[in-house]
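Chain by chain, the residues run as shown.
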Amino acid sequence: MSGPMLQVENLFCERDDRMLFEGLGFSVDAGEIVQIEGANGSGKTTLLRILSGLSRNYEGDIFWRGEPIDRVRDQFCRELLYFGHQPGVKALLTPEENLRWYCALHPSLDASRVAEALEQVGLAGFEDVPCHSLSAGQHRRVSLSRLYLSDAPLWILDEPFTAIDKRGVAAKEALIGRHIARGGSVILTTHQDLQGSSVVRSINLDRQGGH
Amino acid sequence: MADLITQAASERAQIGPGGLFVATLRRDLMLSLRRKSELVNPLIFFLMVITLFPLGVSPEPGFLAQLAPGALWVAALLATLLSMDSLFRTDFDDGSLEQLLLSPQPLFIVVLAKVLAHWMLSGLALTLVAPVIAVMLFLPAEGMPGLMLSLLIGTPTLSLVGAIGAALTVGLKRGGVLISLLVLPLYIPVLIFGTSAVQAAVTGLPLGGYLALLGALLALGLALAPLAIGAALRISVSG
């Protein structure tokens, strides 16, 4: 399909009487990485929550494949993978149980690939260990393994590399590279520089704020 | 119950709303069974209130028997209400709720499964222990069927309505008190018809009418509450 995947026009958001951004507009094409930059508290997470449809506290227009996002909500949810601030992993369940429930939420995912995905993030052998006895990094990895299962074209990742070791970060960057090569798009926030990805475009929120 | 869950777990997760319903029900039951202290909370509360009644009011059998229908129903209602706050709390804290709202599957299904799981471990459990506890209040044997039937049909409505309050307050740090304020007025019809059913059963009057009214409330709750819960969850997460 021609045209941008996701288009944002004239986005305005205010929080606790403080303007986060105003007149924000950008588009995300297939095969593109968009990195949201900004200081702490500049509204990166808020922007990602708005884009994913979790937060409705905004003014402006968001279009998904040319259609207003509220009208194609179902289609959008099917094509979105959102990795939020909280990993969405239940501490009392094992990694495998966590992922199986996620597969039930997203019917297009193949539940038989769960074991494979856990192996990819280095959690082979931890399938039956409740997540509360895993380390912080492993906890994040459980959630990140969703990236290996996903066939969604748009990934929205909020600080995906927090608490992940160097090798893990390299593996995730390679994964993002493969996703881009397949024609997917990524919107992410991170305080690290992405290595080896030439198509990164940044949007800086610091210049937007009304300081 | 553990057998039931392992058996279900061995089955392949099916795709589609039905599969999601089963998966969510199984997940929530599993979570509750691994957190045993919270699991028995409503039951212990129920037992404590009923134990204290004879001590605080009067140990005389005739008087207690008169008091029993109302006391049992009030204790069951409060026990359900107390357990309500935790329904969406952990999902909200660890981000599962966000994933749930971003699912392309109908929210109705997940919400209904979560409420059913909650009811099985609160309302249904209360219904099953109620006859044993009712004996402590000298409830006549004729009242037992009325007690169990009215609790069986009435407590699901309590869980459904309570879940609306839980969904509205899940974004707040301390929503417990607010839930009670929001939900208690809506609990009153259930309490009235529930107690009346037990009293009718004790005195030998037909209780079909009361049970039909409780059933009507349940049907209304089943149809409308999941929509309200879903909308309330979206508001809470959006904030």
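Residues numbered from 1 in each chain as written. Chains lettered and ligands numbered in written order. Predicted model: local features only at pLDDT ≥ 70, side-chain atom pairs only at ≥ 80, totals over all residues. Heavy atoms only, no water.

Taking an unreviewed UniProt entry as the reference, chain B is identified by name as Heme exporter protein B belonging to Marinobacterium lacunae. According to its UniProt record, chain B has this under Subcellular location (unreviewed entry): "Cell inner membrane". What the UniProt record of chain B gives under Sequence similarities (unreviewed entry) is the line "Belongs to the CcmB/CycW/HelB family." (UniProt positions renumbered as here; feature names shortened; annotations may be inferred.)

### Examining helix α7 (residues 107-121) of chain B
For α7(B), which comprises 15 residues, the first-to-last C-alpha distance of 22 Å matches the rise-based estimate of 21 Å (1.5 Å per residue) to within 8%. The element α7(B) is largely enclosed, with a buried count of 13 among its 15 residues. (Helix = DSSP H or I, 4+ residues; strand = E, 2+ residues; numbered from the N terminus. Expected span 1.5 Å × (residues − 1). Buried < 20%, exposed > 50% of the residue type's maximum accessible area, 1.4 Å probe, protein only.)

### Details of the nonpolar core
Counting residues in each nonpolar core, the largest one holds 93 residues, and the members touching the most others are A:Leu6, A:Leu51, B:Leu72 and B:Phe88. The dominant element in this core, judged by the number of residues it contributes, is helix α4 (residues 61-84) of chain B, at 11 residues. Formed jointly, this core draws a minimum of three residues from each of two domains, domain 1 (1-79 + 154-211) and domain 2 (86-152) of chain A. What B:Phe88 contacts, discounting residues up to four positions off in sequence, is B:Leu97, B:Lys114, B:Ala163, B:Ala166, B:Ala167, B:Val170, B:Ile229 and B:Leu233. By size, the runner-up hydrophobic cluster in this structure holds 33 residues, among which are A:Leu99, A:Val121, A:Leu123 and A:Ala152. (Core = buried A, V, L, I, M, F, W, Y, C linked by side-chain atoms within 4.5 Å. Domains from an automatic or database assignment. Contact = heavy atoms within 4.5 Å.)

### So, empty space enclosed by the protein
Within this structure, the stated rule accounts for 4 cavities of 30 Å³ or more. For the largest cavity, the calculated volume is near 100 Å³. Around the largest cavity, the lining residues are A:Pro87, A:Gly88, A:Val89, A:Asn98, A:Leu99, A:Trp101, A:Tyr102, A:Val142, A:Ser143, A:Arg146, B:Ser96 and B:Gln99. Ranked by the residues each element gives to the lining of the largest cavity, the list is headed by helix α3 (residues 95-105) of chain A, at 4 residues. Reported here for the second largest cavity is a volume of approximately 60 Å³. Of the residues belonging to the lining of the second largest cavity, the class tally is 5 nonpolar, 3 polar and 2 charged. (1 Å grid on protein atoms, 1.4 Å probe; cavity = no way out; pocket = protein on both sides within 12 Å on 5 of 7 lines; lining within 4 Å. Points joined across faces, edges and corners; volume = space filled by probe spheres on them. Nonpolar A, V, L, I, M, F, W, Y, C, P; charged D, E, K, R; others polar.)

### Focus on a nonpolar patch on the surface
A contiguous nonpolar patch, built from B:Leu168, B:Leu172, B:Val177, B:Leu178, B:Leu181 and B:Leu182 and spanning about 550 Å² of accessible area, is present on the exposed surface. Considering the arrangement of structural elements, one finds B:Val177 in helix α10 (residues 176-203). (Patch = residues over 30% accessible without salt bridge, like charges linked within 9 Å, V, L, I, M, F, W, Y side chains within 5 Å. Areas by Shrake-Rupley, 256 points an atom, 1.4 Å probe, with all protein chains shown as cover. Salt bridge = Lys/Arg side-chain N within 4 Å of Asp/Glu carboxyl O.)

### Points about the interface of chain B and chain A
If you look at the interface, chain B gives 30 residues, while chain A gives 31 residues. Each partner contributes to the roughly 2,900 Å² buried at the junction of chain B and chain A, and carbon and sulfur atoms together form 57% of this total. The largest per-residue losses of area from chain B upon contact with chain A belong to B:Gln99, B:Leu102 and B:Pro104, which jointly make up 25% of the total buried on that side. In this structure, B:Glu98 and A:Arg49 form a salt bridge, with 2.4 Å as the shortest nitrogen-oxygen distance. Summed over the shared surface of chain B and chain A, the result is 15 residue pairs in polar contact (both at pLDDT 80 or more). Elements with a contribution of two residues or more to the side of chain B that touches chain A: α2 (17-33), α5 (86-94), α6 (96-101) and α11 (208-238) of chain B. At 6 residues, α2(B) tops the list of elements feeding residues into the side of chain B that touches chain A. For the side of chain B that touches chain A, the class distribution of residues is 11 nonpolar, 10 polar and 9 charged. (Buried area = accessible area lost by both parts, 1.4 Å probe. Polar contact = N/O pair within 3.5 Å; in protein donor to acceptor, adjacent residues only side chain to side chain.)

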